[in-house]
Amino acid sequence: MYGNDYETPDAQRARQLEDTPESFRELLATEGRVEPRDEMPDAYRRTLVRQIAQHAHSEIIGMQPEGNWISRAPSLRRKAILMAKVQDEAGHGLYLYAAAETLGVDRADLLDALHSGRQKYSSIFNYPTLTWADVGAIGWLVDGAAIVNQVPLCRCSYGPYARAMVRVCKEESFHQRQGFEILHTLSHGSPAQKAMAQDAVDRYWFPALMMFGPPDDNSPNSARSMAWGIKRHSNDDLRQRFVDMTVPQAQALDLTLPDPEIRWNEDRGHHDFAEIDFTELFEVIKGNGPCNQQRMEHKVRAHEEGAWVREAAAAFAAKQAAGEGAA
Ligand code: FAQ
């Protein structure tokens, strides 16, 4: 079945850990948590900084597509819920920047890396929110995908990241339900409302599947991240889990997923689905998505306009510290 170059998962894991110190390997083998003051291989630290920073940036940039609808939400109730959700995403970004800082990096440097394009954020936030139904599709599909990806991160080997994820996941579950409820209301409303919900799902389905990253055979970081206990499942395994979870939910919504090849495969015990065109993901990551430029321009402008707030906060903190010193 396999060619000669097949490596068992255990052998692959052992190879990935060859240059890792024995004590660290033992910690990972016993599922122990790595804490900020523990010794850790440099490459482990760098991988965590990369992933946690990208994750934090995604939460912050992810406020933009939904923020676009706060002023146009269809009722006061919807507006209040959406404002709370967008505020939650800001909170997630802050927990994650704090988790990254425990690895010895500076938040200002991470922001600089985002603004100069040296660090990435999730591809999904480079798509426009054209209608109110898109807010529902983001909650249902994007937060749904985020939960599938992030629940295993609650068992990540790095303590501060794992602990941040516990709280983030609780809030994401609420977000997913609010998106489902928006779409349920629309899909059981007028024909025009149902068509709007279907159109949003049609546009967000494949981009949501791409959130899980490139396929396993084209994912340079996965093997090592899994050996280190940072990632617990491969990109494709999580994508499959998401499809299996979402198909019955789409039926409950009375909406169709835009993939005629989706069907239950008795032998695999999973849903089959169409091959994904990953050239779109790579283009969006390169900066060529529909909204990359707009998202970054907005982010950089907001950061520049907020300089006085940071300066005032720093001046206040310095004054407090001087006062405490004098006491
Ligand atoms: N977008 O080798 P892999 C949210 C990059 S949820 C952009 O497979 P890895 C909640 C990847 O960085 C969204 N870039 O990489 C919310 C790497 O590039 P590099 C955020 C992507 O790290 C909801 C290269 O491709 N969630 O924000 C993407 O092992 C609603 C090769 O890929 C997280 O960040 C992508 N989709 O696996 C907020 C979760 N996929 O750095 C507001 C934590 C891959 O080597 C509203 N992160 N790349 O130059 C992860 O689980 C992982 O980092 C993956 C990628 C799975 C995203």
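So, a few notes on the structure that sits alongside this text.

Analysis parameters
- Residues numbered from 1 in each chain as written.
- Predicted model: local features only at pLDDT ≥ 70, side-chain atom pairs only at ≥ 80, totals over all residues.
- Heavy atoms only, no water.
- Helix = DSSP H or I, 4+ residues; strand = E, 2+ residues; numbered from the N terminus.
- Rg over C-alpha atoms; globule rule 2.2 N^0.38 Å.
- Buried < 20%, exposed > 50% of the residue type's maximum accessible area, 1.4 Å probe, protein only.
- Contact = heavy atoms within 4.5 Å.
- Areas by Shrake-Rupley, 256 points an atom, 1.4 Å probe, with all protein chains shown as cover.
- Lys, Arg positive; Asp, Glu negative; His and termini not counted.
- Charge placed at Lys NZ, Arg CZ, Asp CG, Glu CD.
- Salt bridge = Lys/Arg side-chain N within 4 Å of Asp/Glu carboxyl O.
- Near = heavy atom within 4 Å.
- Polar contact = N/O pair within 3.5 Å; in protein donor to acceptor, adjacent residues only side chain to side chain.
- Disulfide = S-S within 2.5 Å.
- Phe/Tyr/Trp six-rings, centres within 6.5 Å; stacked < 30°, edge-to-face > 60°.
- Lys NZ or Arg CZ within 6 Å of the ring centre and 35° of its normal.
- Axes fitted to C-alpha atoms, helices over the stretch in contact; angles between N-to-C directions.
- Parallel < 35°, antiparallel > 145°, perpendicular 65-115°, else oblique.
- Left-handed = near helix turned anticlockwise from the far one by under 90°.
- Nonpolar A, V, L, I, M, F, W, Y, C, P; charged D, E, K, R; others polar.

Another point: the overall build of the protein. Of regular secondary structure, the protein possesses 14 helices and two strands. In terms of overall dimensions, the protein is globule-like: its C-alpha atoms have a radius of gyration of 21 Å, near the 20 Å expected for 327 residues. Principal axes of the C-alpha set define a box for the protein whose edges measure 70 × 60 × 30 Å. For the protein, the residues scored as buried account for 46% of the 327 residues in total. Here the analysis covers contacts within the protein between residues at least 6 apart in sequence; of these, 77% occur between residues at least 24 apart. Here the protein has roughly 16800 Å² of accessible surface; of this, 54% comes from carbon and sulfur atoms. Considering the protein, the positive charge centre built from 36 side chains and the negative charge centre built from 47 side chains are found 5 Å apart.

The next subject is the pattern of salt bridges. One pass over the full model with this rule turns up 18 salt bridges. Note that glutamate 181 is salt-bridged to arginine 77, the shortest N-O span being 3.9 Å. Separated by 104 residues along the polypeptide, glutamate 181 in helix H8 (residues 159-187) and arginine 77 in helix H5 (residues 76-101) bring together distant segments of the chain. For the salt bridge of aspartate 254 with lysine 194, the shortest nitrogen-to-oxygen distance reads 3.0 Å. Within this pair, whereas aspartate 254 is found in the loop between helix H11 (235-253) and strand E1 (263-265), its partner lysine 194 is found in helix H9 (residues 191-210), the two being separated by 60 residues in sequence. Within the structure, one salt-bridge network assembled from shared partners comprises Glu66, Lys85, Glu89 and Asp143.

On to the site of the ligand, then. If you check the shell around the ligand, you find 35 residues, and the closest are Gln54, Lys120, Ser219, Lys231 and Asn235. Within the side chain of asparagine 235, one N or O atom sits 2.8 Å away from an oxygen atom of the ligand. Bound to the protein, the ligand loses 92% of the 1100 Å² it would expose on its own. Elements supplying a minimum of two residues to the shell around the ligand: helix H3 (42-61), H5, helix H7 (132-150), H8 and helix H12 (278-288). Looking at the shell around the ligand, the element that brings in the most residues is H3, giving six residues.

Before going further, it helps to examine the state of the cysteines. Scanning the entire structure with this criterion turns up zero disulfides. Its sulfur unpaired, cysteine 154 is 4.0 Å from the next cysteine sulfur, which belongs to cysteine 169. Between cysteine 156, a cysteine without a disulfide, and cysteine 154, which holds the nearest cysteine sulfur, the sulfur-to-sulfur distance is 9.7 Å. Residue classification places cysteine 156 among the buried positions, given a relative accessible area of 0%.

In total, this model carries five aromatic pairs according to the counting rule given. Three or more aromatic residues joined by ring pairs make a cluster, and in this case those are Phe24, Tyr44 and Trp228. Directly above the ring of tryptophan 69 sits arginine 72, whose terminal nitrogen or CZ lies 4.0 Å from the centroid.

Let's shift gears to unusual backbone geometry. For glutamate 31, which is not a glycine, the phi torsion comes out positive at approximately 60°. Locating glutamate 31 in the fold gives a position in the loop between helix H2 (22-29) and H3. One non-glycine residue, aspartate 254, lies in positive phi territory at about 60°.

Orientation of H3 relative to H5, taken along the N-to-C sense of each, is 160°, at an axis distance of 8 Å. Judged by the inter-axis angle, H3 sits roughly antiparallel to H5. The crossing of H3 and H5 is left-handed. In contact with Ile52, His55, Ala56, His57, Glu59 and Ile60 of H3, H5 contributes Glu89, Ala90, His92, Gly93, Leu96, Tyr97, Ala99 and Ala100. Residues that form the contact of H3 with H5 fall into these classes: eight nonpolar, four polar and two charged.

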